[in-house]
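Coordinate inspection notes
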Amino acid sequence: MKLGIIGLPNVGKSTLFNAITNAGAQSANYPFCTIEPNVGVVAVPDERLAKLAEMYNPKKVTPATIEFVDIAGLVKGASKGEGLGNKFLSNIREVDAVVHVVRCFENDDITHVDGSIDPLRDIETINLELIFSDMEILGRRLDKTAKLMKGDKSLAGEYAFLKKVNDALGEGKLAKSVECENAEEEKLLAQSQLLSAKPVIYVCNMSEEDFANGIENNENYLKVKDFAESEGSQTLTICAETEAEISSMDDEEKEMFLAELGLEESGLNRLIKASYDLLGLMSFLTAGEPEVRAWTIKKGTKAPQAAGKIHSDIERGFIRAEVVKYDDLISNGSLAACKDKGLVRSEGKEYIMQDGDVVLFRFNV
């Protein structure tokens, strides 16, 4: 999974990126301190792996991972080449979802490119740039499809749908707001790589004081929350400075620090969980002496396709999946005990994987 972190300059993007990846992206109080996109791969927190490691004593433990891409701050006119322009926009066409960092804190020492704090204005600025860029991309696609239609009338449906999307963009609407009438249109929209079609999590960057006073008392956050709900997006609150502080702490220190702030878990953990939920993802597990590992799949994935995540040969030669629920395995202490109680199931090609399934795939090629 790849997430693109975007936002205006000086909203806390790179501070957040540094905190969650410890990758050392340069962070400074001026626009464009991030010139090239910084990429960091982070482990998905999963306490189940530690429990399985205690049981199997494997040679290695491999968590699922998420790739974060931190991209230079976007400014008004980026789609026309302002700031870093289309260089920025091209960097996020490949991501699965967008983490849009919005500044919701006041601080006279940190300048704002527009001179004041107004998160809805900031969101509109970026969304319009995404829309303008999408219109340029879609315009070329429509011209190409129109030419191909002269010799292939079957493309008429594709052209009509893409034009409907383009018309919506022209009205200032995001591509994801366009209603798809069938699976073919859903596929077209998904394959279009339009920036405004990507799912979004709005991350409200707030101060420690905001958290201490209660986030519901921050009017800027409430505005973003209402806006996100209106377009079907998610909202998450963080303090990027706090995340930077705890990124270098050990687990015990981190737990105590978060408890003092009244938080149960870090912003990173909450962001990862929100991302999984947003993209409809979950993890299944494999466990043995060589390795304990988590594998990320889409909810609704069938057993052979899940096996293909491990190796294409396993999917091709799939025979069956021997499955036990993680909770059953832990509560009974061993796979052998689960087998004695009939808790290990033999599932075929139509089995839909469940979050936390511990699986051994049988195959023959």
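As shown above, the structure is provided for reference.
Anyway, here's the lowdown on the structure attached to this text. (Residues numbered from 1 in each chain as written. Predicted model: local features only at pLDDT ≥ 70, side-chain atom pairs only at ≥ 80, totals over all residues. Heavy atoms only, no water.)

Helix and strand content of the chain: 15 helices and 12 strands. For the chain, the residues scored as buried account for 45% of the 365 residues in total. For the chain, the proportion of contacts with a sequence separation of at least 24, taken over those separated by at least 6, is 68%. (Helix = DSSP H or I, 4+ residues; strand = E, 2+ residues; numbered from the N terminus. Buried < 20%, exposed > 50% of the residue type's maximum accessible area, 1.4 Å probe, protein only. Contact = heavy atoms within 4.5 Å.)

As a further point, take the nonpolar core. Among the nonpolar cores identified, the biggest contains 58 residues, and Ile-66, Phe-68, Val-203 and Leu-271 are the most heavily contacted of them. At 6 residues, helix α11 (residues 267-279) tops the list of elements feeding residues into this core. Apart from the residues lying within four places of it in its own chain, the contact partners of Leu-271 are Ile-20, Phe-68, Val-99, Ile-201, Val-203 and Leu-236. In terms of nonpolar packing, the next biggest core, distinct from the first, is built from 15 residues, Ile-314, Phe-318, Ala-321 and Val-323 among them. (Core = buried A, V, L, I, M, F, W, Y, C linked by side-chain atoms within 4.5 Å.)

Next up on the list: the packing of helix α4 (residues 119-149) against helix α5 (residues 156-170). Running from N to C, α4 and α5 cross one another at 155 degrees; their axes reach a closest spacing of 10 Å. On the basis of their axis angle, the class for α4 and α5 is roughly antiparallel. The hand of the α4/α5 crossing is left-handed. For the pair α4 and α5, the contacting residues are Ile-131, Asp-134, Met-135, Leu-138, Arg-141, Leu-142, Thr-145, Ala-146 and Met-149 in the first and Ala-156, Glu-158, Tyr-159, Leu-162, Lys-163, Val-165, Asn-166, Leu-169 and Gly-170 in the second. Of the residues assigned to the contact of α4 with α5, the class counts are 11 nonpolar, 3 polar and 4 charged. (Axes fitted to C-alpha atoms, helices over the stretch in contact; angles between N-to-C directions. Parallel < 35°, antiparallel > 145°, perpendicular 65-115°, else oblique. Left-handed = near helix turned anticlockwise from the far one by under 90°. Nonpolar A, V, L, I, M, F, W, Y, C, P; charged D, E, K, R; others polar.)

Next up on the list: the sheet that holds strand β2 (residues 38-43). Judged by pairing direction, the sheet is mixed, and its 6 strands sit side by side in the order β2-β4-β1-β5-β6-β7 without closing on themselves. Each of the sheet's edge strands pairs with one partner strand only, and the pair in question is β2 and β7 (234-238). Taking the axes of each pair of neighbouring strands and ignoring which way they run, one obtains an average angle of 25 degrees across the sheet. Two strands pair when backbone bridges link them, and strand β1 (residues 2-6) and strand β4 (residues 65-70) are joined in this way by 4 bridges, in the parallel orientation. (Pairing = 2+ DSSP bridges.)

Moving on, we come to the pattern of salt bridges. All told, the structure shown has 20 salt bridges when counted by the stated rule. We note a salt bridge from Asp-122 to Arg-121, for which the minimum N-O separation is 3.2 Å. Across the salt bridge formed by Lys-176 and Glu-231, the nearest N and O atoms sit 3.6 Å from each other. Pair noted here: Lys-176 is in the loop between α5 and α6 (183-191) and Glu-231 is in the loop between α8 (219-230) and β7, with a separation of 55 residues, a long-range link. The exposure class of Glu-231 is partly exposed, given its relative accessible area of 23%. (Salt bridge = Lys/Arg side-chain N within 4 Å of Asp/Glu carboxyl O.)

Moving on, we get to the side chain of Asp-122. Tracing the backbone shows Asp-122 in helix α4. Since its relative accessible area comes to 3%, Asp-122 is described here as buried. Separated by 3.2 Å, the side chains of Asp-122 and Arg-121 make a polar contact. (Polar contact = N/O pair within 3.5 Å; in protein donor to acceptor, adjacent residues only side chain to side chain.)

Moving on, we get to the environment of Val-61. Inspection of the secondary structure assignment puts Val-61 in strand β3 (residues 60-62). Sequence separation between Val-61 and Ala-287 is 226 residues, and the spatial gap between their C-alpha atoms is 9.2 Å. Apart from the residues within four sequence positions on either side, Val-61 is in contact with Leu-49, Ala-53 and Val-292.

Turning to the packing of α5 against α6, a few remarks are in order. The N-to-C vectors of α5 and α6 enclose an angle of 60 degrees; their axes lie 11 Å apart at closest approach. With respect to each other, α5 and α6 are oriented oblique. When you trace α5 past α6, the crossing you get is right-handed. Taking contact as the criterion, the partners of Glu-158, Phe-161, Lys-164 and Val-165 in α5 are, on α6, Glu-185, Leu-188 and Leu-189. Taken together, the residues of the contact of α5 with α6 sort by class into 4 nonpolar, no polar and 3 charged.

Turning next to a negative patch on the surface. On the surface, Asp-250, Asp-251, Glu-252, Glu-253 and Glu-255 cluster together into a patch of negative charge. Mapped onto the elements of the fold, Asp-251 is located in helix α10 (residues 251-260). We classify Asp-251 as exposed; its relative accessible area is 62%. (Patch = residues over 30% accessible without salt bridge, like charges linked within 9 Å, V, L, I, M, F, W, Y side chains within 5 Å. Areas by Shrake-Rupley, 256 points an atom, 1.4 Å probe, with all protein chains shown as cover. Lys, Arg positive; Asp, Glu negative; His and termini not counted. Charge placed at Lys NZ, Arg CZ, Asp CG, Glu CD.)

Another aspect to go through is α5. The terminal C-alpha atoms of α5, which comprises 15 residues, lie 21 Å apart, in line with the 21 Å expected from a rise of 1.5 Å per residue. Inspection of α5 places Phe-161, Leu-162, Val-165, Asn-166, Ala-168 and Leu-169 among the buried residues, and these make up the whole buried set. Along the axis of α5, the buried residues cluster in a sector spanning 160 degrees; they form a single face. Of the residues one or two after α5, Gly-172 is the one with positive phi, at around 85 degrees. (Expected span 1.5 Å × (residues − 1). Arc of directions from axis to C-beta.)

Within this structure, the stated rule accounts for 4 aromatic pairs. Relative to Phe-227, the ring of Tyr-202 lies with its centre 5.9 Å away and its plane at 70 degrees, an arrangement referred to as edge-to-face. Here Tyr-202 is found in strand β6 (residues 200-205), whereas its partner Phe-227 is found in helix α8, with 25 residues between them in sequence. A residue is classified by how much of its surface remains accessible, and Tyr-202, at 1% relative accessible area, is buried. Measuring from centroid to centroid gives 5.9 Å for Phe-284 and Phe-361, while their planes differ by 85 degrees, and the two rings are edge-to-face. Taken as a pair, Phe-284 in strand β8 (residues 281-287) and Phe-361 in strand β12 (residues 357-363) lie far apart in primary sequence, 77 residues in all. For Phe-361, a relative accessible area of 8% translates into the label buried. (Phe/Tyr/Trp six-rings, centres within 6.5 Å; stacked < 30°, edge-to-face > 60°.)

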